[in-house]
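Coordinate inspection notes
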Amino acid sequence: MIGIALILGAAIITGGTIIAKYWNQILSFMKKVIQKLKGKIKGILMGSAVFIKRAGDRIQNRTKHYAKDELGTWHEKIVTLEQKEEEIPPQYRKYATIEDEFDLTPELEAQIKNNG
């Protein structure tokens, strides 16, 4: 899980590569979702994660957002961004399987930290 402040404060990932374009799309999507969830989710948003999963001929980037309410109960909200296979860098595409989702959160965190 990546802290909300790190996601919201992340700058655009530099470079003209398909990897930079991919992560910028994911970050932009996550920032929009976080802003929308702030007033709608129970408790305080604590962090988010990103996963990849195949859905037929498309690939889903699933963002999971975690909040903790005043009673200490955790809540999870999942939001999905579907993309065509060719929009996903090959090194991430290989992790998308029909059965499971694959956690790309450590890679996103590395991209943010390496860019800042």
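Above this text you will find the structure in question.
Residues numbered from 1 in each chain as written. Predicted model: local features only at pLDDT ≥ 70, side-chain atom pairs only at ≥ 80, totals over all residues. Heavy atoms only, no water.

1. What to know about the nonpolar core
Inclusion rule: Nonpolar cores were defined as sets of buried Ala, Val, Leu, Ile, Met, Phe, Trp, Tyr and Cys residues, with membership established by side-chain atoms within 4.5 Å. Accessibility here uses a 1.4 Å probe with only protein chains present; expressed as a share of the type maximum, an area under 20% marks a residue as buried, one over 50% as exposed, and anything in between as partly exposed. We count a stretch as a helix when DSSP gives it H or I for four or more residues in a row; a strand needs E for two or more, and each element gets its number in order from the N terminus. In this analysis, two residues are considered to be in contact whenever any of their non-hydrogen atoms come within 4.5 Å of each other.
Of all hydrophobic cores here, the largest spans 27 residues; its most connected members are Tyr22, Trp23, Ile52 and Leu108. The set of elements that each furnish at least two residues to this core consists of helix H1 (4-9), helix H2 (18-37), strand S2 (44-55), strand S3 (58-68) and helix H4 (105-115). Excluding its chain neighbours within four sequence positions, the residues that come into contact with Tyr22 are Ile52, Asn61, Gln83, Glu87, Ile88, Pro89, Tyr92 and Leu104.

2. Describing H2
This is how it is decided: Multiplying 1.5 Å by the residue count of a helix minus one yields the expected span of that helix.
Over its 20 residues, H2 extends 28 Å from the first C-alpha to the last, a length consistent with the 28 Å expected when each residue adds 1.5 Å. What H2 keeps buried is the set Ala20, Tyr22, Trp23, Ile26, Leu27, Phe29, Met30, Val33, Ile34 and Leu37. Residues of H2 that are buried make contact with H1, S2, S3, strand S4 (74-84), helix H3 (90-93) and H4.

3. So, the pairing of S3
Just so we agree on the cut-off: Pairs of strands are assigned from DSSP output, requiring at least two bridges between the strands.
Summarising burial for S3: 8 of the 11 residues are buried, a large majority. Hairpin geometry of S2 and S3 is characterised by an intervening segment of 2 residues between the two adjacent antiparallel strands and by a positive phi of about 70° at Gly56. Pairing of S3 with S4, which is carried by 11 bridges, proceeds in the antiparallel orientation. By the bridge assignment for S4, Thr63 is matched with Val79. Between S3 and S4, which pair antiparallel in sequence order, lie 5 residues; one of them, Gly72, sits at a positive phi of approximately 90°.

4. Observations regarding a positive patch on the surface
The cut-off we apply is this: Patch definition: residues with relative accessible area over 30% and no salt bridge; like charges joined within 9 Å; nonpolar side chains (Val, Leu, Ile, Met, Phe, Trp, Tyr) joined within 5 Å. The accessible surface values rely on the Shrake-Rupley method and a 1.4 Å probe; as for residues, cover is taken only from the protein chains in view. Any Lys or Arg side-chain nitrogen located within 4 Å of an Asp or Glu carboxyl oxygen qualifies as a salt bridge. Counted as positive: Lys and Arg. Counted as negative: Asp and Glu, with His and the chain ends omitted from the count. Where a charge lies is defined by one atom per residue type: Lys uses NZ, Arg uses CZ, Asp uses CG and Glu uses CD.
Together, Lys32, Lys36, Lys40 and Lys77 make up a region of like positive charge exposed at the surface. Counting through the fold element by element, Lys77 comes out in strand S4.

Functional significance is not addressed by these values, which are geometric in nature.
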